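# Residue-level structure breakdown
The primary structure of each chain is shown beneath.
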Amino acid sequence: MKDIQDRLANISPDKRELLEKMLKYKGILRLPEGSAEQGDAAGDSKIGCVLNQATEGQEDVEAPPPPSSLARETQTLDPFHFGGAARTLFGLLRRPQQARGVGVVLCYPHAHEYIRCHRSFRELGRLLAGYGYHVLSFDYYGTGDSVGVYEDGSLSGWCDDITAAIAALKERAQLQHIALVGMRLGATLALRVAAQRSDIDALVLWDPIVSGANLHAELASIRELQRVDATRQRVAAPSSDVLCYTITPAMWDALLEIDLLHLMPRTMPPSLVLKTGKDDALHQFAERARETWPTLDYNSIDDVQVWLREPYELVVPARTIISILRWIERRLP
Amino acid sequence: MNEYPLLLDASRALVGIMTCPPRQPVDPARPAIVLLNSGLVHRVGPNRLYVAVARRLAERGFVSVRFDFSQIGDSLPRPDSLPFQQSATAEVSEVMGTITERTGIHSFCLMGLCSGALISLATALADHRVVGTALLNPQGFFDSQEFFGHVATLSEGRIYAQNLLKLDSWRRLITGKTNYRRLGETLLYRMRGKRSEEIAAVVDKAHTELDAFFALDIQVLLLLCEHDRSIENFSEILGSSWHQQLGKNVQIVTLANANHTFSSPVHLRQAVEEIESWVKRCWPPGG
């Protein structure tokens, strides 16, 4: 152990950080005491380790969950298709061992952010299922394992997909109470869907896209950055894609129309807005929304913006995930 | 829809998708394609590459399965603490068994990018049911960070050398847009030119493994990207003329200007087309 730490001390800080994460993942570094249960899955302990370590020393964060809530015995997996022949979507239902009778639909971000956030949503899903919630994660049309190609996707179509996912979860798990948890564009779409229905019991908006204009600028800057190679030496020809996802003119237009500040829904279920970094537009939206909807909670957490990180970095925004769990527990016990 | 979401192992922990030919019965004489996780990216593959490959190959009559190793993607963790290299190869073998039960196919072609390529290679060495492998930018031999850094520096050195003839590169150098520190480090490293003991040990072990792999009587596709360090992996391990030493069963394709994860629509399309044409050539219908 000391040998590993000595060796880590001799390499550059950025590489050390990455290497430490890899070593933790592989179980080479020591796990925190109490995080490993006798005979449990090594992987469970590792994730418990990530959740526990990420919350150490943070006074304002709520207590991390016990590792037993992440054990594989707490849930079973049920992968399936839904949405009909023309728009077949992939869904994965996590069935809890001791069900509370409440289902949670996870609404992913889009394009390159989808793959970057997949692990975080997996961890959130496992944790919620460990606490007795049915959890459905699914892929929008043209993304992940669902049919279609990304270029044929549309915001209105993806809202329809969320609606179909809610119906599928209700039917497959025989549930009446539903919460939606969305991140980035997924949060914005979940808000649109929830505002048009009366059967959503809780809504979590995790760093929603508030301003399409801001997103447009963000994607444009990524497009510029992707032209430069690893040595920052070569400039590739301009391309219309953003990290391999071709954003059509129609999609650009639809994204630009997003403006939550000026198009705020009139009715909303009890909601939580989570902000994990500096985002003035989101802060403004949350403050204004709090005046409109008395059942809205707003939590600003200093945590990893996981959609900006690559999967190999193995980053999980543990404080955010725990906050979501605790809030849902309070709202839907 | 000719895709089927499945749990592929006895303990129902491994999530996968089986893709079948849409308009024809399964031909058990042709191998099933098994797509293995690229690092920590879940079964759809970087930029959804594996979905595109699976669907294209289904159109050509092949069954394929993409799945998540335990603790990666949607799959649950294992109940034991088997090291990844061992658990991954064991899981590939189990998945191949499940495919046989469901389709009657007894032979397999393993395909993977980066670490997925290395698991393909390791499984091919251990399991006689593997009749082909498509290795896409293999990297990470023996998990050695030192060797990883070594080939990264060599690869960047190659890119710098190629850029010597490009006016735009000189312009970037003069206008301060180049990473001078990295350039200096790369030049110094090349000048030192010494291999550490750890690097020499990795080269030795990997050489032995690759020799054994290339001696197998199976079809092999090496799909390498010009901007990826997998090219340096092979030249460091097997020597600079490595590509001339390989048998007729090994096809090498290098995609110009492409990077490690084929992260442009053009390169992604090229990768799918290269894989499709290799698979069709190796296992023609009724062949």
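Calculation criteria
- Residues numbered from 1 in each chain as written.
- Chains lettered and ligands numbered in written order.
- Predicted model: local features only at pLDDT ≥ 70, side-chain atom pairs only at ≥ 80, totals over all residues.
- Heavy atoms only, no water.
- Contact = heavy atoms within 4.5 Å.
- Buried area = accessible area lost by both parts, 1.4 Å probe.
- Salt bridge = Lys/Arg side-chain N within 4 Å of Asp/Glu carboxyl O.
- Helix = DSSP H or I, 4+ residues; strand = E, 2+ residues; numbered from the N terminus.
- Nonpolar A, V, L, I, M, F, W, Y, C, P; charged D, E, K, R; others polar.
- Axes fitted to C-alpha atoms, helices over the stretch in contact; angles between N-to-C directions.
- Left-handed = near helix turned anticlockwise from the far one by under 90°.
- Buried < 20%, exposed > 50% of the residue type's maximum accessible area, 1.4 Å probe, protein only.
- Pairing = 2+ DSSP bridges.
- Right-handed = clockwise from strand over helix to strand, strands pointing away.

### What about the interface of chain B and chain A?
If you look at the interface, chain B gives 56 residues, while chain A gives 52 residues. Roughly 4,300 Å² is buried in total at the junction of chain B and chain A, and carbon and sulfur atoms are behind 54% of that figure. Considering only the surface of chain B that becomes buried against chain A, L40, R48 and Q71 of chain B emerge as the three largest contributors, covering 16% of it. Across the pair D145 of chain A and R66 of chain B runs a salt bridge, and its minimum N-O distance is 2.8 Å. When contributions to the side of chain B that touches chain A are tallied by element, the ones reaching two or more residues are strand 1 (3-7), strand 2 (15-19), helix 1 (49-59), helix 4 (145-163), helix 5 (167-174) and helix 9 (265-282) of chain B. Here the element with the most residues in the side of chain B that touches chain A is helix 4 of chain B; it accounts for 6 residues. Considered class by class, the residues forming the side of chain B that touches chain A number 22 nonpolar, 18 polar and 16 charged.

### Regarding the packing of helix 4 (residues 111-130) of chain A against helix 10 (residues 318-331) of chain A
All names here are of chain A. In the contact formed by helix 4 and helix 10, the axes pass within 10 Å of each other and the chain directions differ by 35°. When you trace helix 4 past helix 10, the crossing you get is right-handed. Between helix 4 and helix 10, the residues in contact are S120, E123, L124, L127 and L128 and I321, I324, L325 and I328, respectively. Counted by class, the contact of helix 4 with helix 10 contains 7 nonpolar, 1 polar and 1 charged residues.

### Regarding the side chain of T143 of chain A
Secondary-structure assignment places T143 of chain A in the loop between strand 4 (134-138) and helix 5 (155-173). Owing to a relative accessible area of 7%, T143 of chain A belongs among the buried residues under this scheme. Look past the residues within four positions of T143 of chain A in its chain and what remains in contact with it is Y150 and W158 of chain A together with R48 of chain B.

### A short note on unusual backbone geometry
Excluding glycine, residues mostly carry a negative phi; peptide bonds, for their part, are mostly trans. Residue and element names in this part refer to chain A. With a phi angle near 50°, A111 is a residue other than glycine that sits in the positive phi range. Positionally, A111 belongs in helix 4. On the basis of relative accessible area, A111 is assigned to the buried category, the value being 4%. Positive phi is not limited to glycine here, since C244 has a value of about 85°. Residue position: C244 is located in the loop between strand 7 (241-242) and strand 8 (245-246). Note on C244: relative accessible area 9%, which makes it buried.

### Re the pairing of strand 5 (residues 177-183) of chain A
All names here are of chain A. Across the 7 residues of strand 5, 6 count as buried, placing the element largely inside the fold. Examined bridge by bridge, strand 3 (residues 102-107) and strand 5 share 6 bridges and lie parallel to one another. Its bridge partner lying in strand 5, V104 is registered against A179. Crossover handedness for the path strand 5 to helix 6 (residues 185-195) to strand 6 (residues 200-206): right-handed.

### Here we look at the sheet that holds strand 3 (residues 32-36) of chain B
Residue and element names in this part refer to chain B. In spatial order, the strands read 1-2-4-3-5-6-7-8; together these 8 strands make up an open sheet with mixed pairing. In this open sheet, the two strands that pair with only one neighbour each are strand 1 and strand 8 (250-255). Each adjacent strand pair in this sheet contributes to an overall mean axis angle of 20°, direction not counted. Judged from the 4 bridges that link them, strand 2 and strand 4 (residues 64-67) form a sheet pairing that is antiparallel. Residue pairing across strands places M18 opposite V65, the latter belonging to strand 4. Each of strand 7 (219-225) and strand 8 touches helix 8 (residues 230-238); the most contacted strand, strand 7, lies at about 120° to it.

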